[in-house]
Protein chains: 2
Amino acid sequence: MAGAGGEGEAPALRAVRRCLVAFPAEARELGLTESVPYLDSHLSPLEFYREWVCPNKPCIIRNAFSHWPALKKWTLTYLRKVAGSKMVSVAVTPNGYADAVYQDRFVMPEERHMLFSNFLDIVEKKVISPSVFYVQKQCSNLTEEFPELLGDVEPEVPWMSEALGKKPDAVNFWLGESAAVTSLHKDHYENLYCVISGEKHFLLHPPSDRPFIPYGTYFRVCVCICVERRSD
Amino acid sequence: MAGAGGEGEAPALRAVRRCLVAFPAEARELGLTESVPYLDSHLSPLEFYREWVCPNKPCIIRNAFSHWPALKKWTLTYLRKVAGSKMVSVAVTPNGYADAVYQDRFVMPEERHMLFSNFLDIVEKKVISPSVFYVQKQCSNLTEEFPELLGDVEPEVPWMSEALGKKPDAVNFWLGESAAVTSLHKDHYENLYCVISGEKHFLLHPPSDRPFIPYGTYFRVCVCICVERRSD
């Protein structure tokens, strides 16, 4: 940032800054690709670990779970029939950004418990809401909250479990509108993201971008959106 | 180093220095062990890659190649019988340090071509030399210079080749006196060091020690130790 260092900045400090600027560029040159490759072929767990997990390289695997019944079965009608009558946890935000910095606060979503069918009404635009709703719990909510859907997928991806040498810590079910956004964050898990329907956009920063990703400490607040609440 | 920064050093630069000091300590806390563990059990190539190669952790594997005939066969008498009459490349240094900085020069060993039996005479102290002799070529000299010894070992270690997804770039045969030292260096290869006889001491620095390992640019010189030469 212009002027951030002040006039008294030592030449050595400027050299440090130059190194920090050069670092992400060098990392990209050395091992990062500009685009995330699509893999079609079947990789062994060892190859997958060696070529993608270990060097922290993202990839997109086509047809990795084409045998899952969910691919054909999971329509909104089906989901409503199977799980519509149950209470689920839904993240509700004014603008789609959960866990985002707003002014000087770290704003967490309201976690609302509602009938899954009411949530589906919003997704299907049968009910219009100014808020953005997102089923996005990260506490293994597929196994915890939606056991009736488990038969349509695998509770683990066998080659990934073999590659990592352990079963998944969490298996999450996410369903949301296109406005739903997961804010910039770092994750200490290896992630296997399976898109059943719709699309997901990822913006990935390599660890070498760290010097240019701002960090800060904020007060955490939870915004409860009361306009949605019935007065019962 | 005391006073290296001078009095004009900005507080930010001091903060950078503090980070560099904290970095190796944090890396050790996070993932490095104080001692290099001995592994007894048989690891699969995937486990070996995941637990040791990928996180750059050294380990010592007991009984990894107890089926190699070399373990019983490779006495100096046997080596003399099989390969004594051939010319081999030997690194000769005044003090055992090959590729070492001496004063303001980077001193490379003299690479002397000699009969392997003459080299063995020195190892066995049948001939006394003030210099240190070390068969230490790194251009796959086991396969290139000592093909007659190949039958006593494996030309590759199958589980390592499978783990790395490739055959070895080089298979080296090293034989030397206890005074022979390989200087501090970095290696962009994965190394599997098989000790057939004797012992080898490794001093390993994790990559996080980088800020405290001095780097420099030197003129390269080769010292030829002429006192050893016959006047033919």
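These figures come from a predicted structure and were not determined experimentally. (Residues numbered from 1 in each chain as written. Chains lettered and ligands numbered in written order. Predicted model: local features only at pLDDT ≥ 70, side-chain atom pairs only at ≥ 80, totals over all residues. Heavy atoms only, no water.)

A. Fine view of the sheet that holds strand E5 (residues 100-102) of chain B. All names here are of chain B. Taking strand neighbours across the sheet as the criterion, the three strands line up as E5-E6-E11 in an open arrangement whose pairing is mixed. Pairing within the sheet leaves two strands with one partner each, and these edge strands are E5 and strand E11 (219-222). Adjacent strand axes in the sheet meet at a mean angle of 40 degrees, parallel and antiparallel pairs treated alike. Bridge analysis of strand E6 (residues 105-108) against E11 gives four bridges, and the strand direction is parallel. Bridged to Arg 105 within E11 is Phe 219. (Pairing = 2+ DSSP bridges. Helix = DSSP H or I, 4+ residues; strand = E, 2+ residues; numbered from the N terminus. Axes fitted to C-alpha atoms, helices over the stretch in contact; angles between N-to-C directions.)

B. Fine view of helix H4 (residues 76-83) of chain B. Residue and element names in this part refer to chain B. Tyr 78, Leu 79 and Ala 83 are the residues of H4 that are buried. One face of H4 carries all of its buried residues, which in axial projection span an arc of 100 degrees. Exposed and facing more than 90 degrees away from the buried side of H4 are Thr 77 and Lys 81. On its buried face, H4 sits against helix H3 (70-73), helix H5 (116-123) and strand E9 (175-176). (Buried < 20%, exposed > 50% of the residue type's maximum accessible area, 1.4 Å probe, protein only. Arc of directions from axis to C-beta. Contact = heavy atoms within 4.5 Å.)

C. Layout of unusual backbone geometry. Residue and element names in this part refer to chain B. Despite not being glycine, Asn 56 shows a phi value in the positive range, around 60 degrees. Inspection of the secondary structure assignment puts Asn 56 in the loop between helix H2 (45-53) and strand E2 (60-61). Positioned with a positive phi, Lys 125 is a non-glycine residue whose angle comes to about 65 degrees. Checked against the element boundaries, Lys 125 lands in the loop between H5 and strand E8 (132-135).

D. Summary view of the interface of chain B and chain A. Counting from both sides, the interface comprises 15 residues of chain B and, opposite them, 15 residues of chain A. Together, the buried faces of chain B and chain A total about 1,100 Å²; carbon and sulfur atoms form 76% of this surface. Scanning the region where chain B abuts chain A turns up zero salt bridges. Taken together, the connections running from chain B to chain A amount to four residue pairs in polar contact (both at pLDDT 80 or more). Only helix H1 (11-31), H2 and helix H7 (158-164) of chain B provide two or more residues apiece to the side of chain B that touches chain A. Here the side of chain B that touches chain A takes four residues from H2 of chain B, the largest share from any one element. Tallied by class, residues from the side of chain B that touches chain A come to ten nonpolar, two polar and three charged. (Buried area = accessible area lost by both parts, 1.4 Å probe. Salt bridge = Lys/Arg side-chain N within 4 Å of Asp/Glu carboxyl O. Polar contact = N/O pair within 3.5 Å; in protein donor to acceptor, adjacent residues only side chain to side chain. Nonpolar A, V, L, I, M, F, W, Y, C, P; charged D, E, K, R; others polar.)

E. Highlighting the side chain of Glu 177 of chain B. As for its placement among the helices and strands, Glu 177 of chain B is situated in the loop between E9 and strand E10 (181-182). When residues no more than four places from it in sequence are discounted, the contact partners of Glu 177 of chain B are Ile 122, Lys 125, Ser 131, Val 132 and Phe 133 of chain B.

F. Representation of the relation of the copies chain B and chain A within the structure. Between the two copies, chain B and chain A, the superposition gives an RMSD of 0.0 Å; the rotation angle is 180 degrees and the shift along the axis is 0.0 Å. In symmetry terms, the pair is related by a two-fold rotation axis. (Least-squares fit on C-alpha atoms with pLDDT ≥ 70 in both.)

G. Looking closely at the sheet that holds strand E5 (residues 100-102) of chain A. All names here are of chain A. The sheet built from three strands is open, its strands ordered E5-E6-E11 with mixed pairing. The outermost strands of the open sheet, each flanked by one partner alone, are E5 and strand E11 (219-222). With strand direction ignored, the average angle separating the axes of adjacent strands in the sheet is 40 degrees. Direction of pairing for E5 relative to strand E6 (residues 105-108): antiparallel, over a ladder of three bridges. If you follow Tyr 102 over to E6, its bridge partner there is Arg 105.

H. Seen up close, the state of the cysteines. Scanning the entire structure with this criterion turns up one disulfide over all chains. A disulfide bridge connects Cys 54 of chain A with Cys 54 of chain B, and the sulfur atoms are separated by 2.3 Å. Judged by the sign of its S-S torsion, about 110 degrees, the bond between Cys 54 of chain A and Cys 54 of chain B is right-handed. Here Cys 54 of chain A, found in the loop between helix H2 (45-53) and strand E2 (60-61), pairs with Cys 54 of chain B, found in the loop between H2 and E2, and the two come from separate chains. Cysteine Cys 19 of chain A remains unbridged, with the sulfur of Cys 19 of chain B as its closest cysteine sulfur at 14 Å. Here Cys 19 of chain A falls in the exposed class, since its relative accessible area comes to 53%. (Disulfide = S-S within 2.5 Å.)

I. The confidence of the model for chain A, seen in detail. Residue and element names in this part refer to chain A. Confidence in the prediction of chain A, expressed as mean pLDDT, is 86, and 92% of residues score 70 or more. Every residue in residues 1-6 scores below 50 in pLDDT, and together they form one contact with partners more than four places removed in sequence or on other chains. Across the interface, the model reports ipTM at 0.78; the global pTM reads 0.82. (pLDDT = per-residue confidence, 0-100.)

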